[in-house]
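Structural features, examined
The residues making up each chain are set out below.
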Amino acid sequence: LSGMPVVVRNATVASSRLLVVMIMTLLSLEPACADQFHPNKSTTFINKEQLFKVEYLDDASLTGFVAEDVVQLGDYYVSTRFGCVTHSKGHDWAEADGILGMGFPAAALRSVPFPLFWALTDQTRLAQSQSNVLTNRIFTLMLSSDRGEIVLGGHDPASVEGAMVTTPVRPSPLADGAEAFMHYMIDVQSLKVGNHELLNFKDSSIAIQAILDSGTSCLVVPDDTFEGGLLESPFQTFQKHFGDLDEPTIYITIEGKTFSIPYEDYMVDDKPCVMKMKNTPRTFLLGDVFFRRMVVVHNLADPMHPLITVGQRKEGYGLTDKLVTLGSRAHV
């Protein structure tokens, strides 16, 4: 979610306090950022006196210290831990205010064990004075080329064109043989550019996993056949056919329903935003270009059985630029 403003809509019983607050799990203290967090202006700020470092596959990193304070997203707030960034490496971090913690606890730092969304939906904090928690652990993410929208507690039916499909999140294997939910990883049956299939499975009854990753700009596909599971490399198939096609649409099939990403949505600086996976895990990434055309609902109500629901975004549905309430539904 870095690099663009994200606004929240509350999709549960809405509060009358329509407060626009840009809150990030990693709050930047660097002067280059437009929106800064000032610990000295908070009467509830606590420095936990722990350092942290987050490293990324492309050698980028963030370092800083762990703190605790009351964090607010839309109408909801809770006292929780977060990381305060004091130094960054790689990327153009000056364009971002921070990183919003909407992922799984198993993927969190040990020093910040509860991602923001899980803290905001922790029902054990209902009685705490410094909290107003969300009762439904569900959020929806939608992006455009210049902004994003999060719906807390559900989704806006007016944003969807046609039927939606629901699919389970797949756990990731751990080194000790156990499994844990680390990513929003789902099964994908087909990925096409125009009429050309990129996932040519040897056995048509299987699927490949895709990770829904709003922190990745492009579609990132493997350059591998996975020991014969695929008849040819998806990335090489894309390269072979793309140049011969006239502004092709990309099609993705999930749970038997096909979703479309138009040519103009995945072209960046006159180049297709389709990249090769540097490492070759048995998966690929659905980045920002996917979220620009989809309504993606993350249902974490049952932590042992998380679900993803996907719908095609309705043409002309505009993402909000302020905290709004629509009946019992409010969007930020």
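This write-up is about the structure you can find in this document. If you're wondering where the values come from, they're calculated on a predicted model, not measured in any experiment.

To continue, consider the overall build of the chain. A count of helices and strands for the chain gives four helices and 26 strands. Here the chain holds 332 residues, and 50% of them are scored as buried.

Take unusual backbone geometry next. Positive phi is not limited to glycine here, since E247 has a value of about 45°. Residue position: E247 is located in the loop between α2 (234-242) and β17 (250-254).

To continue, consider the nonpolar core. Most often, soluble globular proteins have nonpolar side chains that are buried together. Ranked by internal contacts, the top residues of the largest apolar core, which has 68 residues, are L212, I252, I254, F284 and F290. Among the elements that make up this core, the one with the highest residue count is helix α1 (residues 116-120) (five residues). Residues within four places of I252 in sequence aside, it is in contact with V188, S190, L191, K257, T258, F259, I261, L286 and F290.

With that settled, the discussion passes to the sheet that holds strand β12 (residues 185-188). The sheet built from five strands is open, its strands ordered β12-β15-β22-β16-β21 with mixed pairing. The sheet is open, and its two borders are formed by β12 and β21 (274-276), each paired with just one other strand. When the angles between neighbouring strand axes are averaged without regard to direction, this sheet yields 30°. Sheet analysis places β12 next to strand β15 (residues 208-212), joined by four bridges and oriented antiparallel. Paired with V188 across the two strands is I208, which belongs to β15. Here α2 sits on the sheet and contacts β16 (219-221) and β21; the angle it forms with β21, its principal contact strand, is near 135°.

On the basis of which strands lie adjacent, the open sheet formed by four strands has the order β14-β13-β17-β18 and antiparallel pairing. Here the strands that pair on one side only, and so sit at the sheet edges, are β14 (196-197) and β18 (257-261). Taken together, the four bridges between strand β13 (residues 190-193) and β17 define a ladder with antiparallel strand orientation. When the sheet's bridge partners are listed, S190 is paired in β17 with T253.

All right, on to the packing of aromatic side chains then. For the coordinates displayed, the defined rule picks out nine aromatic pairs. Site record: aromatic cluster; members linked through ring pairs are F104, F117, W118, F139, F181 and Y184.

Okay, the environment of H298 next. Structurally, the position occupied by H298 is in strand β23 (residues 294-299). For the pair H298 and V310, spaced twelve residues apart in sequence, the C-alpha to C-alpha distance is 9.0 Å. Leave out the neighbours within four places in its chain, and H298 touches R137, I138, F139, L141, Y184, F291, L307 and I308. Only 3.3 Å separates the side chain of H298 from the backbone oxygen of V296, close enough to count as a polar contact.

Counting buried positions along strand β8 (residues 148-152) yields five of five residues, so the element is predominantly enclosed. Neither face of β8 is exposed, since G148, I150 and L152 on one face and E149 and V151 on the opposite face are all buried. Here five bridges tie strand β7 (residues 138-143) to β8, and the two strands are oriented antiparallel to one another. Among the inter-strand pairings, M142 is bridged to a residue of β8, identified as E149. Counted between consecutive antiparallel strands, the loop separating β7 from β8 contains four residues.

Moving on, we come to the pattern of salt bridges. Side-chain pairs of opposite charge can arise whenever the charged atoms involved come near each other. Overall, the coordinates contain nine salt bridges when judged by the stated rule. The shortest N-O distance in the salt bridge between K48 and E68 comes to 3.7 Å. Separated by 20 residues along the polypeptide, K48 in strand β3 (residues 46-55) and E68 in strand β4 (residues 61-73) bring together distant segments of the chain. Put simply, R125 and D122 hold a salt bridge, and the shortest N to O gap is 3.0 Å. In terms of burial, R125 and D122 fall into one category: buried.

Definitions and limits used
- Residue positions are counted from 1 within each chain, in the order its sequence is given.
- Selection of residues for local features in this predicted model requires a pLDDT of at least 70, selection of side-chain atom pairs for listing and counting requires 80 or more, and totals for whole chains, interfaces and linings are taken over all residues.
- Computation of side-chain values: all heavy atoms of the structure, hydrogens and water removed.
- Secondary structure elements follow DSSP: runs of H or I of four or more residues count as helices, runs of E of two or more count as strands, with numbering from the N terminus.
- Buried means the residue's accessible area, taken with a 1.4 Å probe over protein chains only, is under 20% of the maximum for its type, while exposed means over 50%, and partly exposed covers the values in between.
- What makes a nonpolar core is a set of buried Ala, Val, Leu, Ile, Met, Phe, Trp, Tyr and Cys residues whose side-chain atoms join them at distances within 4.5 Å.
- Contact between two residues is taken to exist if any of their heavy atoms lie within 4.5 Å; hydrogens are not considered.
- Here a strand pair is declared whenever DSSP counts at least two bridges between the two strands.
- Each axis is a line fitted through C-alpha atoms, and for a helix only the stretch in contact is used; angles between axes span 0 to 180 degrees, taken between their N-to-C directions.
- Centres within 6.5 Å are what make two rings of Phe, Tyr or Trp a pair, Trp counting through its six-membered ring; a difference in plane orientation under 30 degrees is then read as stacked, over 60 as edge-to-face, and the rest as tilted.
- By the criterion applied in these results, polar contacts are pairs of N or O atoms within 3.5 Å in which, for protein atoms, one can donate a hydrogen and the other can accept it, and in which residues neighboring in sequence qualify only through two side-chain atoms.
- Note on definitions: salt bridges are taken to be side-chain nitrogens of Lys or Arg within 4 Å of carboxyl oxygens of Asp or Glu.

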